[in-house]
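Chain by chain, the residues:
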Amino acid sequence: MKLQLPKKRQLRLLMCCVFAALPGLANDAVTPAIGFDNVHIRVSDPSKAVEWYVKYFGGTSPGPGQVYIGKALIQVVKTTNPQPSAGSVIDHFGLSFADLDAKMTELDASGAKIVSPPQDAPGMFRFAYIEDPWGVKIQLVQDPALLGFHHVYLSVKDPETTLRWYQEMFGGERAKLNGRVDGLRYGSVWLLVAGSGKGTPAPSAERAIQSFGIRVANADQAAAALVDKGIKLVTPPSNYGDLRYAFAEDPNGVKFEVAQRPQK
């Protein structure tokens, strides 16, 4: 006897099977991300750095050591020995502006180092590079499709393996920025990964961009899932105010955070 399911139930089962088969969905990940959360930068004077980022990038600061660019947090921590982010596995992060040339004119007198002036990338957008006064490398782009905090850029020996690793761990949307550059999207923010060439980039923990953070629903469960995959935690699940977090390091030496924040 053939069992005939109601049509509505058949449709639900079909949709479940279709979605389960799609690659890159959060449900397939070891510990699904619910969005991008932060970057940690290391500077000699956190209060001055917060003031600088608020003034020149239009950020908001709800508390000491914190600058929000939209929903993305730049967490500023103190170090007595700042080391540039260039040459590290977290080479830079990117911010997008409607008028790049005007922003660069403003930054020219800000104390920032102009690494490369504005130029056009064929088929992409206008871009430039700076270093903030503490050695944090930042790419400024003019991408009207995504203004504000734009991307985190990793420099590694094997980009494809790294992208697959992050997708396996956290999900994310695998896509090409402007149809040209491979990456993953967590919410609106891109994780871009490129080859480092012959050299081996330094681990990020002691550099100006120390880490980046992925938002998760439960930091304890995320940390346990990472440990089950053989990933050593740098910092076990801990509390900082209403934040629950843990730190680990990927196979390339990228320090990353799983961050759980109260739902609003």
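Rules of the game
Residues numbered from 1 in each chain as written. Predicted model: local features only at pLDDT ≥ 70, side-chain atom pairs only at ≥ 80, totals over all residues. Heavy atoms only, no water. Helix = DSSP H or I, 4+ residues; strand = E, 2+ residues; numbered from the N terminus. Buried < 20%, exposed > 50% of the residue type's maximum accessible area, 1.4 Å probe, protein only. Contact = heavy atoms within 4.5 Å. Areas by Shrake-Rupley, 256 points an atom, 1.4 Å probe, with all protein chains shown as cover. Pairing = 2+ DSSP bridges. Expected span 1.5 Å × (residues − 1). Core = buried A, V, L, I, M, F, W, Y, C linked by side-chain atoms within 4.5 Å. Axes fitted to C-alpha atoms, helices over the stretch in contact; angles between N-to-C directions.

Caption draft 1: Up close: the overall build of the chain. Secondary structure summary: the chain contains 5 helices and 15 strands in total. Buried residues in the chain amount to 49% of all 264 residues. Counted over contacts in the chain with a minimum sequence separation of 6, partners at least 24 positions apart contribute 65%. When the accessible surface of the chain is totalled, it reaches about 13300 Å², and 54% of it is carbon and sulfur.

Caption draft 2: Looking closely at the pairing of strand 5 (residues 113–120). Note that strand 5 and strand 6 (residues 126–131) share 5 bridges and pair antiparallel. Counted as the bridge partner of I114 is I130 from strand 6. Between strand 5 and the antiparallel strand that follows it, strand 6, lie 5 residues; G123 among them carries a positive phi value of about 75 degrees.

Caption draft 3: Structural detail: helix 2 (residues 46–57). Along its 12 residues, helix 2 runs 16 Å from first to last C-alpha, staying within 8% of the 16 Å computed at 1.5 Å per residue. Remark: G58 follows helix 2 within two positions and exhibits a positive phi of approximately 70 degrees.

Caption draft 4: Structural view of the nonpolar core. With 59 residues, the main nonpolar core has F57, F93, F149, Y166 and F212 as its most contacted residues. Broken down by element, this core gets its largest block of residues, 6 residues, from helix 2. Once residues within four sequence positions are removed from consideration, F57 is found in contact with W52, I69, L95, F97, L107, I130, I138 and L140. Among the nonpolar cores identified, the runner-up in size contains 9 residues, and F127, Y129, W190 and L192 belong to it.

Caption draft 5: Spatial organisation of the sheet that holds strand 3 (residues 72–78). Spatial ordering of the open sheet is given by 2-3-1-12-15-14-13, a layout of 7 strands whose pairing is mixed. Whereas interior strands pair on both sides, the edge strands pair on one side only; in this sheet they are strand 2 (66–69) and strand 13 (233–240). Across this sheet, the average inter-strand angle for adjacent strands is 25 degrees, counted without regard to direction. In this sheet, strand 3 lies alongside strand 2 in antiparallel orientation, the contact comprising 4 bridges.

Caption draft 6: Here's a closer look at the pairing of strand 4 (residues 90–96). For strand 4, the buried fraction is high: 7 of the 7 residues fall into the buried class. Sheet analysis places strand 4 next to strand 8 (residues 148–156), joined by 6 bridges and oriented antiparallel. Each bridged residue has a counterpart across the sheet, and for I90 the counterpart in strand 8 is L154. Judged from the 4 bridges that link them, strand 4 and strand 7 (residues 137–142) form a sheet pairing that is parallel. Counted as the bridge partner of F93 is I138 from strand 7.

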